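What the coordinates show
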Amino acid sequence: MAEGYDVVVVGGGHNGLVCAGYLAKAGKRVLVLEGRGVAGGGCATEEVAAPGFRHNFHSNFHGIIHMGPVYRELELERYGARYVWPENQFAQVFPDGRAIVCSRSVETTAASIARFSRADAETFRELAEVYRDVLEQAFIPAMFSPPVPPSQELAPLEKTTEGLALLRHFLSSPNHVARDLFVSPEVQTWLGFWVAQLAGTGDVFGLGANYPVMLAGSLEPYGWAICVGGSNVLAQAMVRFLEEHGGEVRLGVPVVQIEVEGGLARGVELADGTRIPVPGILVSNLDPRHTFLDLVGEAELTDDFAHACRRWRYDELSMFCLYLALDAPVRWKAAEWDQAVERCFAVSICESLDVLEDNASDCRLGVPPRQPGLFTVHPSLFDPSLCPPGKAASFCEQIAPYELREGGADAWEAEKQAYAETVLERWRENLVSGLEPERIVGRYVASPLDIELRMPSMKHGDWNHGEMTQDQLGVFRPFHEYPPYRTEFENVYLCGSSTHPGGSIGGACGYNAAGAIAADLGIDAWWRSAEAAVG
């Protein structure tokens, strides 16, 4: 395209690809620049533990992508992204050999809870109904539209006692909500630990709002799904959609500078010295600090905008991940209590919510959790293409600090292998078999520092591109001084996880950014008529 591009997207993560796809089908000439050798960002699938065993990095549970319009409107199934929904979504195992299993069926799950507390089983049934209504009537529409001021967002809940009760829970922490709603400590831990996974911990106020997404999102007709062939297959489907509509993706081309002049982005410089003009608009899939402080440069920013970018916080908590190539699937002691544990997408190990809170406290002190609450994931049970026949590709993750108290982030290189042994020993305590040294074909250890090195857009190992707290959500994500997805530069937009509604694989940030761009440029937003036809 000698005459240039209408849209240049910096960063080929899934939100960048979604935004690019919508604009390309609208007739815009779109170029996506991706620094890594493969598009998709966190939708990454690689052989790291052993040949023939493929693991998904940072993106395994795909539920939100099926709640909104992106999967349907970009025809991602036609372009190769197929899914399976595990019937048993997640389980929690306990030291005494018991377990609670969440099935996509409300009644099956309630029966599992009833073995601990009949009262809690009834509470769960009621919550499943209430949260599904909240999810469908409020949360999904809110995720796939620009954020509104807090007073407008919360006003409907202030009209009734029931609404105020929901609002109180939304403003609380996941752990407090679990303790408030349920009687059994085991039920509290099971659900509280699961809800905490969306943001990493359960002690942050305001993240009680994750309950409808995580609870109702695990139940029929929803559920957390596996992209067959690996999470990167979803990204490649997005690339194919984009290319079929005239767009282009260039790989292995890190952007090192965004040139600005007269309040506009004028071009981008690549690591090899190539300059690409920006005669139209520039869309960044990166967070505001990375985009403006690093690539534009603080000297090019007004004082107020520079302050807004510096104010953006990365999360103190990241993830420590252990990817395993196994000779056979693990076998759980708790399967004697409930055989469904052995056919679960994810199985958690955490004795109580107190342990989860201790994990967060350790992390904030710069210490890897001494008694880590483990989140183990088993996608190859449901997608055999991820490993050789009869084998297993599993992994385990738990929260961890990016900065270690002794030595900072760089100290992880010396510490990570020993800490991986701590994780393995804790996991083995809950197994009959599967993690004996001779059954581990290979392993790959990813510390928070490794996450940042492998995924340069995940600064500080933050997979959400910024802390998910009340002052960094909604209209405050990433800053309130400019309309959502816009910046102080008239032709520069943001579309990544640092924008509303935040992290997770749903394409909502890219979808909403495309809508903002279409509104500003007077583009015919074809997807609006598509939504009207469906709705």
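Use the structure listed above.
These lines cover the structure that appears in this document, whether it is placed above or below.

Calculation rules
- Residues numbered from 1 in each chain as written.
- Predicted model: local features only at pLDDT ≥ 70, side-chain atom pairs only at ≥ 80, totals over all residues.
- Heavy atoms only, no water.
- Helix = DSSP H or I, 4+ residues; strand = E, 2+ residues; numbered from the N terminus.
- Rg over C-alpha atoms; globule rule 2.2 N^0.38 Å.
- Buried < 20%, exposed > 50% of the residue type's maximum accessible area, 1.4 Å probe, protein only.
- Contact = heavy atoms within 4.5 Å.
- Areas by Shrake-Rupley, 256 points an atom, 1.4 Å probe, with all protein chains shown as cover.
- Lys, Arg positive; Asp, Glu negative; His and termini not counted.
- Charge placed at Lys NZ, Arg CZ, Asp CG, Glu CD.
- Pairing = 2+ DSSP bridges.
- Expected span 1.5 Å × (residues − 1).
- Core = buried A, V, L, I, M, F, W, Y, C linked by side-chain atoms within 4.5 Å.
- Axes fitted to C-alpha atoms, helices over the stretch in contact; angles between N-to-C directions.
- Phe/Tyr/Trp six-rings, centres within 6.5 Å; stacked < 30°, edge-to-face > 60°.
- Lys NZ or Arg CZ within 6 Å of the ring centre and 35° of its normal.
- Polar contact = N/O pair within 3.5 Å; in protein donor to acceptor, adjacent residues only side chain to side chain.
- Salt bridge = Lys/Arg side-chain N within 4 Å of Asp/Glu carboxyl O.
- Parallel < 35°, antiparallel > 145°, perpendicular 65-115°, else oblique.
- Left-handed = near helix turned anticlockwise from the far one by under 90°.
- Disulfide = S-S within 2.5 Å.

1. So, the overall build of the chain
Scanning the chain from terminus to terminus reveals 18 helices and 21 strands. Over its C-alpha trace the chain gives a radius of gyration of 23 Å, about what one expects of a compact globule, namely 24 Å for 535 residues. The buried share of the chain, reckoned over its 535 residues, is 62%. Excluding contacts between residues fewer than 6 apart, the proportion of contacts in the chain whose partners are at least 24 apart in sequence is 72%. On the chain, roughly 19800 Å² of surface is accessible, and the fraction owed to carbon and sulfur atoms is 51%. Side-chain charges in the chain split into 42 positive and 71 negative, and the spacing between the mean points of these groups amounts to 4 Å.

2. Some remarks on the pairing of strand E10 (residues 255–261)
Alignment of E10 against strand E11 (residues 264–270), held across six bridges, turns out to be antiparallel. From the neighbouring strand, Val-260 faces E11, where its bridge partner is Ala-265.

3. Section: helix H9 (residues 185–196)
In this model H9 runs 16 Å from its N-terminal to its C-terminal C-alpha over 12 residues, within 8% of the 16 Å that 1.5 Å per residue would give. Buried residues dominate H9, accounting for 10 of its 12 residues.

4. What to know about the nonpolar core
Grouped together as the largest cluster of nonpolar side chains are 121 residues, with contacts concentrated most on Tyr-22, Val-30, Val-70, Leu-76, Trp-190, Leu-234 and Val-283. Top contributing element to this core by residue count: helix H5 (residues 118–143), with 10 residues. Ignoring anything within four residues of it in the chain, the contact list for Leu-234 reads Cys-43, His-62, Leu-76, Ala-81, Tyr-83, Cys-227 and Ile-505. Listed in part, the 35 residues of the second largest apolar core include Ala-99, Phe-320, Val-445 and Leu-449.

5. Section: the pairing of strand E14 (residues 317–326)
In summary, the side chains of a regular strand alternate between the two faces of the sheet. Taking burial as the measure, the 10 residues of E14 include 10 buried ones, the bulk of the element. Two strands pair when backbone bridges link them, and E14 and strand E18 (residues 392–401) are joined in this way by 10 bridges, in the antiparallel orientation. Each residue of the ladder has a partner; that of Leu-326, found in E18, is Ala-392.

6. Some words on unusual backbone geometry
Between Glu-220 and the following residue, Pro-221, the backbone shows a cis peptide bond with an omega angle of 10 degrees. Residue position: Pro-221 is located in the loop between helix H10 (211–215) and strand E8 (226–227). Here the residue pair Arg-477 and Pro-478 is connected by a cis peptide bond, since its omega of 0 degrees sits within 30 degrees of zero. Within the secondary structure, Pro-478 is located in the loop between helix H16 (448–454) and strand E21 (492–494). Phi angles above zero are rare outside glycine, and Glu-75 is one such case at about 50 degrees.

7. Re the sheet that holds strand E9 (residues 248–250)
Strand pairing in a sheet takes place through backbone hydrogen bonds and is either antiparallel or parallel in direction. Pairing in this open sheet of five strands is parallel, and the strands run E9-E2-E1-E13-E21 from one edge to the other. The outermost strands of the open sheet, each flanked by one partner alone, are E9 and E21. Across the sheet, the mean angle separating the axes of adjacent strands is 20 degrees when strand polarity is ignored. Pairing analysis gives three bridges linking strand E13 (residues 281–284) to E21, with the strands arranged parallel. If you follow Ser-284 over to E21, its bridge partner there is Leu-494. The sheet strands contacting helix H1 (residues 14–25) are strand E1 (7–10), strand E2 (30–33), E9 and E13, and the helix crosses E2 at an angle near 170 degrees.

8. Some thoughts on the packing of aromatic side chains
When we look at a pair of aromatic rings, we describe it by the centre distance and by the angle of the planes. Going through the model one piece at a time under the given rule, you end up with 34 aromatic pairs. With 4.8 Å between their ring centres and 75 degrees between their planes, Phe-292 and Phe-305 make a pair best called edge-to-face. Here Phe-305 lies in helix H13 (residues 303–311) and Phe-292 lies in helix H12 (residues 288–297), a separation of 13 residues in the sequence. Pair check on accessibility: Phe-292 and Phe-305 agree, each one buried. Members of the aromatic cluster, joined through ring pairs, are Phe-61, Phe-90, Phe-124, Trp-190, Trp-194, Trp-224, Phe-345, Phe-375 and Phe-382. The ring of Trp-337 has Arg-98 lying over it, and the distance from NZ or CZ to the ring centre is 5.9 Å. One cation-aromatic arrangement involves Arg-115 over Trp-337; the distance from NZ or CZ to the ring centre is 3.7 Å.

9. Considering the side chain of Asn-285
Its place among the elements puts Asn-285 in the loop between E13 and H12. From its side chain, Asn-285 meets the backbone nitrogen of Gly-16 in a polar contact 3.3 Å long. For Asn-285, the residues in contact, after removing those within four places along its chain, are Val-10, Gly-11, Gly-12, Gly-13, Asn-15, Gly-16, His-465, Cys-495 and Gly-496.

10. Describing the sheet that holds E10
What the three strands build is an open sheet, ordered E10-E11-E12; its pairing is antiparallel. Each edge of the open sheet is held by one strand with a lone partner, namely E10 and strand E12 (275–277). Along the sheet, successive strands turn relative to each other by an average axial angle of 25 degrees, direction set aside.

11. Side note on the pattern of salt bridges
Across all of its chains, the model carries 31 salt bridges by this definition. Notably, a salt bridge pairs Arg-426 with Glu-351, separated by 2.7 Å at the nearest N-O pair. One end of the pair, Arg-426, is in helix H15 (residues 412–428); the other, Glu-351, is in the loop between strand E16 (344–349) and helix H14 (353–364), with 75 residues separating them in the sequence. A single network of salt bridges, built from pairs that share partners, joins Arg-36, Glu-46 and Arg-454.

12. A few points about the packing of H12 against H13
Where H12 contacts H13, the axes come no closer than 8 Å and their chain directions differ by 130 degrees. Taken as axis vectors, H12 and H13 run oblique relative to one another. The two elements H12 and H13 cross, and the hand of that crossing is left-handed. Together, Pro-288, Arg-289, Phe-292 and Leu-293 of H12 and Phe-305, Ala-306, Cys-309, Arg-310 and Arg-311 of H13 make up the contact between the two elements.

13. Digging into the side chain of Glu-467
Looking at the secondary structure, you find Glu-467 in the loop between H16 and E21. Setting aside anything within four residues of it in sequence, one finds Glu-467 in contact with Arg-313, Tyr-314, Asp-315, Asp-462, Gln-472 and Arg-477.

14. What about H15?
When the terminal C-alpha atoms of H15 are compared, their 23 Å separation across 17 residues agrees well with the 24 Å that a helix rising 1.5 Å per residue should span. Taken as a whole, H15 has its buried residues at Trp-412, Lys-416, Tyr-419, Ala-420, Val-423, Leu-424, Arg-426 and Trp-427.

15. Details of the state of the cysteines
As enumerated under the stated definition, the model contains zero disulfides in all. The thiol sulfur of Cys-309 is not disulfide-bonded, and the nearest other cysteine sulfur, from Cys-495, lies at 15 Å. Cys-309 sits in the buried class, given a relative accessible area of 0%. Cys-350 forms no disulfide, and the closest cysteine sulfur to it belongs to Cys-396, at a distance of 12 Å. Residue classification places Cys-350 among the buried residues on the basis of a relative accessible area of 1%.

Function cannot be inferred from these measures alone, as they are strictly geometric.
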